[in-house]
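The residues making up each chain are set out below.
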Amino acid sequence: MDSSNEVVSPKILVVEDETAIAETLEYNLTRQGYTVFMSANGFSALQMARQEAPDLVILDIMLPGMDGLEVCRVLRQETNVPILMLTARTEEIDKIVGLEVGADDYLTKPFSMRELQARVKAQLRRVRLIREEIHSAEEPTNDEAPQPKKLTFGNLVIVPDRREALLTGHPVQLKPMEFDLLLYLAHNRNLVLSRDQILEKVWGWDYNGGSRTVDVHIRWLREKIEANPAAPERIITVRGVGYRFEG
Ligand code: CA
């Protein structure tokens, strides 16, 4: 009998208050065969962790009430469950994985589902190895290059390192913010992104300009990269939510 054919699917607790990201995570992880529990704030996350004893916790830092760092500290005192933190700020990484907070791994927003799944598998494999007391030389982490050298979408090519976009081989004149926006959309292609999410990531979360700013920049960007800006085929408006970049 092959003991690796597990009947019980690993339980994952996802703590994320941003609906668009939470739904994407829930959908993808469920489809991967995990049993997923969702929580949108720190207090209910702790309750759920105690009640369901998940095999892995995916924990966003910015949460209403008790933030993710505090939740992580408390969980660490109670359990050895692997904790994968989500952060929009790279400055916090040392703190997150350091002794002070004690997360096992982190992902910087925006991240791809492939990246997330690789981290999830690595963490689950790690605990399974520890539980079964198997000492293997196998390297569990799967570090992919964070940014591809070129992103190609038909006749549109984005070169992140050079901060350059080409349309049928010709450079597109983009302002720095427009390029950042395009790159963010491209990295999150085929995902529905809320205006708040876009604001948080591209403009920084302290920005108070409102979602109009996003709409205006999207309009400018469309004029530069769409064949017909009035009938966009790359940056699609998702009614009542935000935008989706077709990849
Ligand atoms: Ca959040």
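Here the residue numbering is sequential within each chain, running from 1 through the sequence in written order. Only residues with pLDDT of 70 or above have their local features reported here, since the model is predicted, and side-chain atom pairs are shown and tallied only from 80 upward, although totals for entire chains, interfaces and linings are computed over all residues. The side-chain numbers reported here are obtained from all heavy atoms of the structure, hydrogens and water having been left aside.

Chemist: Quick question: what am I supposed to make of the confidence of the model for the protein here?
Modeler: Caution is warranted with low-pLDDT regions, since their predicted coordinates should not be read in detail. Confidence scores here are pLDDT values: one per residue, from the predictor, ranging 0 to 100. Per-residue confidence for the protein gives a mean pLDDT of 83, with 82% of residues at or over 70. Confidence drops under pLDDT 50 across residues 1-6; counting only partners more than four residues distant or on other chains, this segment forms one contact. By the convention used here, residues are in contact when the closest approach between their heavy atoms is within 4.5 Å. The model gives residues 133-142 a pLDDT under 50, and that stretch makes six contacts with residues more than four places away or in other chains.

Chemist: How do you make sense of the sheet that holds strand β4 (residues 83-87) when you look at a structure like this?
Modeler: When DSSP locates at least two bridges between a pair of strands, those strands are taken to pair. Here a strand is any run of E in DSSP of at least two residues, a helix any run of H or I of at least four, and the numbering for each starts at the N terminus. Taken together, the five strands give an open sheet; going across it, the order is β2-β1-β3-β4-β5, and neighbouring strands pair in parallel fashion. The outermost strands of the open sheet, each flanked by one partner alone, are β2 (35-39) and β5 (105-108). Strand-to-strand twist in this sheet, taken as the mean axis angle between neighbours without regard to direction, amounts to 20 degrees. Pairing between strand β1 (residues 11-15) and β2: five bridges, direction parallel. Bridge pairing links I12 to V36 in β2. On the sheet, helix α1 (residues 19-31) packs against β1, β2, β3 (56-60) and β4 and is oriented at approximately 165 degrees with respect to β2. Comment: axis = line fitted to C-alpha atoms, over the contacting stretch for helices; angle = value between 0 and 180 degrees taken between N-to-C directions.

Chemist: Would you mind going over unusual backbone geometry with me for this structure?
Modeler: Negative phi values dominate among residues other than glycine, just as trans dominates among peptide bonds. For the peptide bond that leads from K109 to P110, omega is 0 degrees, which places it in the cis range. The backbone of R163 shows a phi angle near 50 degrees, a positive value even though the residue is not glycine. Residue position: R163 is located in the loop between β7 (156-159) and β8 (164-167). Unusually for a residue other than glycine, T168 sits at a positive phi of about 45 degrees. Structurally, T168 can be placed in the loop between β8 and β9 (170-171).

Chemist: Please clarify how the sheet that holds β7 should be interpreted in this entry.
Modeler: In a beta sheet, neighbouring strands pair by backbone hydrogen bonds and run either parallel or antiparallel. Read across the open sheet, the four strands follow the order β6-β7-β8-β9; overall the sheet is antiparallel. Bordering the open sheet on either side are β6 (151-153) and β9, each of which pairs with just one other strand. As defined by bridge partners, β8 adjoins β9 across two bridges and the pair is classed as antiparallel. Counterpart to L167 in the pairing with β9 is H170. This element, helix α6 (residues 176-187), spans β6, β7 and β8 of the sheet and lies at about 105 degrees to β7.

Chemist: I tried to follow the nonpolar core on my own but got confused; where do I start?
Modeler: Side chains of a nonpolar character, in soluble globular proteins, are inclined to be buried together. As used here, the term nonpolar core means buried Ala, Val, Leu, Ile, Met, Phe, Trp, Tyr and Cys residues forming a set that is joined through side-chain atoms within 4.5 Å. A 1.4 Å probe rolled over the protein chains alone gives each residue an accessible area, and that area as a share of the maximum for its type sets the label: buried under 20%, exposed over 50%, partly exposed in between. Of all hydrophobic cores here, the largest spans 25 residues; its most connected members are L182, L185, I198 and F245. Elements supplying a minimum of two residues to this core: β6, β7, α6, α7 (195-203), α8 (211-225) and β12 (242-245). In terms of residues, this core owes the most to one element, α6, which gives seven residues. In this structure, L185 is in contact with L193, I198, I218, L221, I235 and F245, ignoring residues within four places of it in sequence. Within the second largest apolar cluster, 22 residues are counted, among which are L46, L69, I83 and I96.

Chemist: What should I look at first to understand the coordination of the calcium ion in this one?
Modeler: Note on donors: an N, O or S atom is included if it sits within 2.8 Å of the metal, or within 3.2 Å for Na, K and Ca, and water is never included, so sites can look incomplete. Distances from the calcium ion to its protein donors, namely E16 (OE), D17 (OD), E18 (OE), D60 (OD) and M62 (O), fall within the range 2.1 to 3.2 Å. Between consecutive donor residues of the calcium ion, the sequence gaps follow E-D-E-x41-D-x1-M. Separated by 44 residues along the polypeptide, E18 in the loop between β1 and α1 and M62 in the loop between β3 and α3 (68-78) bring together distant segments of the chain. Taking the relative accessible area as the measure of exposure, E18 reaches 16% and is therefore buried.

Chemist: Would you mind going over the packing of helix α2 (residues 42-52) against α3 with me for this structure?
Modeler: To describe two helices that pack against each other, one gives the angle between their axes and the distance between the axes. The interhelical angle for the contact between α2 and α3, taken along N-to-C directions, is 20 degrees, at an axis separation of 10 Å. As far as their axial angle goes, α3 and α2 are roughly parallel. Crossing geometry of α2 relative to α3 is assigned as right-handed. Side by side, α2 and α3 meet where G42, L46, A49 and R50 of the first sit next to V71, V74, L75 and E78 of the second. The nonpolar class holds Ala, Val, Leu, Ile, Met, Phe, Trp, Tyr, Cys and Pro. Asp, Glu, Lys and Arg form the charged class, and all remaining residues, Gly among them, are polar. Here the contact of α2 with α3 is composed, by residue class, of five nonpolar, one polar and two charged. Roughly parallel means an angle under 35 degrees; roughly antiparallel, over 145; roughly perpendicular, 65 to 115; everything else is oblique. Each crossing gets its hand from how the near helix is turned against the far one by less than a right angle, where anticlockwise is left-handed and clockwise is right-handed.

Chemist: Even after reading the chapter, I still don't get the packing of aromatic side chains, so can you show me in this structure?
Modeler: Aromatic ring pairs: the centre-centre distance and the angle between the two ring planes describe each pair. Any two rings among Phe, Tyr and Trp, with Trp reduced to its six-membered ring, count as a pair given centres within 6.5 Å; such a pair is stacked if its planes are under 30 degrees apart, edge-to-face if over 60, and tilted if neither. Considering all chains together, one arrives at one aromatic pair under this definition. Between F153 and F245 the ring centres are 4.9 Å apart and the planes differ by 80 degrees, which places this aromatic pair in the edge-to-face class. Here F153 is found in strand β6, whereas its partner F245 is found in strand β12, with 92 residues between them in sequence. Judged by relative accessible area, F245 falls into the buried class, the value being 0%.

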